[in-house]
Amino acid sequence: MGRGQRFGTALSAFVAFVIGIITALSLLLGDNPALFGNQPGSDQLAGLLAVPADVLLRLVVIVLALSIVIGIANLLYVHVGRLSRGKLTSAVVLVSFGFTIYWYVARQGDASLLEAVQVPIESALAALLALSLLHGGSRVLSKRADIWGLLFVAVAVVVLLASLPLAELAPVQAWRDWLMRVPVGAGARALLLGIALGTVVTGLRALLGQDRSVRG
Amino acid sequence: MDQTTLQVYAVLFVFATVLLVYTARYFQRRGRQRPLRRMAAVERIGEWTNQSIEANRPLHLALGSTAVGEDRTAVALAEAEFFHHIIERADASDVSPIITTSAASSVPLGQDTVWRAWEGDAYLSRVQWYPPDIAYAAAVTAALKTDDPAAHVLAGGFGPELALMLDSADRRGQGSLAVSDRLEGQAVAYAMADECLIGEELFAAAGYATDDGRAQADAIVLDVWRALLIMGMTIVLMLEVAKRMPWLNWAVVLSVSAVLAVFGLIIYRRR
């Protein structure tokens, strides 16, 4: 790594650190006059401290709104490249893209093409998804031949049975309700807690300018 | 709990995490490494990267809908770090891995990851964006048919549409590792992927895919926080139960805790 590159890395990490700390402090201390003892002028101070985070978050929203352009440019770039290598399906993507834009502009905002093509295709895929899920569920025991795989299948069967509109299955429906309320709720919370912990550790790495993406 | 108390707890939590991270890194640097717990799913990655190198077939790494700049930015950064180490391992292959995403703001992150980890060129077309949800799953399964990846690592924001990609991978005999930060996607990953990670393992995975002490230290910090959280919840649960049992006193609680601790230690040692 050359001297210039090292300087660039250090500068990038420093900028990330400063911006990260300012935003974090602004979010933690801003907009809460009680933190300053509700003295005269604490309203203004709390409001002032909230400004940096507000400005930076607005900037992020603007950049995110523009990122769709990056996505479309990427889609076109990838498919033009594939077309030049003789992949004809990419030609379908590019022609559809051009035709949809032409239709939308020529018909002054008419989205009927989208509704007539996109929506039925997505609905058909959603139906296919149900079959894929069923197929995948049926193969759980071949992939995970243990007590947890068995439990997974048993719970899936109870939930599927309980969704049948039969009065005889009322006890199964009660089981399903309990399953969804207690074990599923607990599992979801455990998953979210784990993700929250991971988010804090990863966020700190970025905040301290040590994440690879902010090291220039 | 009022806002001020919450803010104070948040600051304390952040400082405690900083302290833990630097303590773990200090011990890692000094060579007093605590072995990481086993994560079978990540062990398969070595096998897949070898396949990729030997057969000159790319690896498919999917970020899903995880976007930079939204509330799941940290998830995107963790995935990028994980993918960085996978790409470094597959670097001897002639074909660079493919990263797909359905979040346009993650395209630069993906390109940056390939650019840093991959020695070869042509990284711009190796990151591919497709519209989200079902359209993403359909486009990825169709587009990757021609690239014929050796294996898929699907780590990020996925819903039930993950089933389409995993089903397609399974039919083509391609290996798959999946993890999602959404509950529906996680269930599908568990049922259909060859290997799956759960919850915070997504953030720890980078530490398992590399020998870098800092990444491993971060994985250890996650384990420590998790253990503390479980202990805290168990204590709260025991106190709640104790309130409903008038005969319960501190002597009984301490005796039972001591017996459980001894049993736990014996089981841990035998492992």
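Remember, predicted model here, so these are calculated numbers, not experimental data.

**Looking at the overall build of chain B**
Scanning chain B from N- to C-terminus turns up ten helices and six strands. Taken along its principal axes, the extent of the C-alpha atoms in chain B is 70 × 40 × 40 Å. Buried positions account for 49% of the 271 residues belonging to chain B. Within chain B, contacts between residues at least 6 apart in sequence are counted, and of these 70% link residues at least 24 apart.

**A word on the pairing of strand β1 (residues 59-64) of chain B**
For a regular strand, the rule is simple: side chains alternate between the two faces of the sheet. Residues and elements named next belong to chain B. Across the six residues that make up β1, a large majority, six, are buried. In β1, alternate side chains face the same way, and those of L59, L61 and L63 on one face and H60, A62 and G64 on the other are all buried. As defined by bridge partners, β1 adjoins strand β4 (residues 151-157) across five bridges and the pair is classed as parallel. Of the residues in β4, the one forming a bridge with L61 is V153. By the bridge criterion, four bridges tie β1 to strand β2 (residues 98-101) in an arrangement that is parallel. The residue bridging L61 from the neighbouring strand is I99, located in β2.

**As for the environment of I101 of chain A**
Summarising the element assignment, I101 of chain A is placed in helix α3 (residues 88-106). Considered as a pair, I101 of chain A and A111 of chain A are ten residues apart in the sequence and their alpha carbons are 9.9 Å apart.

**Some details on the interface of chain B and chain A**
Taken together, the 56 residues of chain B in the interface contact 48 residues of chain A. For the side of chain B that touches chain A, the leading source of residues is helix α1 (residues 3-29) of chain B, giving eight residues.

**Observations regarding the sheet that holds strand β6 (residues 195-196) of chain B**
Residue and element names in this part refer to chain B. Pairing is parallel across the open sheet formed by six strands, whose spatial order is β3-β2-β1-β4-β5-β6. Because the sheet does not close on itself, it has two edges, and the strands there are β3 (127-129) and β6. Here helix α2 (residues 40-55) sits on the sheet and contacts β1, β4, β5 (175-180) and β6; the angle it forms with β5, its principal contact strand, is near 140°. The strands that helix α7 (residues 183-192) touches are β5 and β6; relative to β5, the one it contacts most, it runs at about 155°.

**Some thoughts on the packing of helix α8 (residues 183-207) of chain A against helix α9 (residues 213-243) of chain B**
Viewed as axis vectors pointing N to C, α8 of chain A and α9 of chain B meet at an angle of 140°, and their least axial separation amounts to 10 Å. By the angle between their axes, α8 of chain A is oblique relative to α9 of chain B. Of the two possible hands of crossing, α8 of chain A and α9 of chain B adopt the one that is right-handed. Note on element contacts: α9 of chain B touches α8 of chain A through D218, V221, L222, W225, R226 and L229 of chain B, opposite L193, G194, L197, G198, V201 and R205 of chain A. Its residues assigned to classes, the contact of α8 of chain A with α9 of chain B comprises seven nonpolar, two polar and three charged.

**Things to note about the environment of A135 of chain B**
Assignment of secondary structure puts A135 of chain B in helix α5 (residues 134-147). Distance in space between the C-alpha atoms of A135 of chain B and L77 of chain B is 24 Å, their sequence separation being 58 residues. Ignoring any residue separated from it by four or fewer positions in sequence, one finds A135 of chain B in contact with E122 of chain A together with Y130 of chain B.

**As for the environment of Q111 of chain B**
Along the chain, Q111 of chain B falls in helix α4 (residues 107-117). As a C-alpha pair, Q111 of chain B and R126 of chain B span 15 residues in sequence and 7.8 Å in three-dimensional space.

**Brief notes about the domain arrangement of chain B**
Residue and element names in this part refer to chain B. Under the domain assignment, chain B is made up of domain 1 (1-33 + 212-271) and domain 2 (40-210). Each of domain 1 and domain 2 has a C-alpha centre, and these two points are 32 Å apart. Domain 1 puts seven residues into the contact, and the matching count from domain 2 is seven residues. In terms of residue class, the side of domain 1 that touches domain 2 is built from three nonpolar, one polar and three charged.

Cut-offs and rules
Along each chain, residues carry numbers from 1 onward, in the same order as the chain's sequence is written. Lettering for chains starts from A, numbering for ligands starts from 1, and both go in the order in which the items are written. A pLDDT threshold of at least 70 governs which residues receive local features in this predicted model, and a stricter bar of 80 or more applies before side-chain atom pairs are shown or counted, although totals over entire chains, interfaces and linings include all residues. Only runs of H or I of at least four residues qualify as helices and only runs of E of at least two qualify as strands under DSSP, and these elements are numbered from the N terminus. To assign burial, the other C-beta atoms lying within 10 Å of each residue's own C-beta are counted, with C-beta atoms placed from the backbone; 20 or more indicates buried, 12 or fewer indicates exposed, and intermediate counts indicate partly exposed. It is the C-beta atoms, placed from the backbone, that decide contacts: two residues are in contact if theirs lie within 7 Å. Two strands pair under a simple rule: DSSP has to find at least two bridges between them. Convention adopted: a line fitted to C-alpha atoms gives each axis, helices being fitted over their contacting stretch, and angles between N-to-C directions are expressed from 0 to 180 degrees. By definition in this entry, angles of less than 35 degrees are roughly parallel, angles greater than 145 are roughly antiparallel, angles of 65 to 115 are roughly perpendicular, and the rest are oblique. Crossings are assigned a handedness: left-handed for a near helix turned anticlockwise from the far helix by less than a right angle, right-handed for a clockwise turn. Side-chain classes are defined by residue name, with Ala, Val, Leu, Ile, Met, Phe, Trp, Tyr, Cys and Pro counting as nonpolar, Asp, Glu, Lys and Arg as charged, and the others, Gly among them, as polar. Throughout, the edges of the domains are those of an automatic or database domain assignment.

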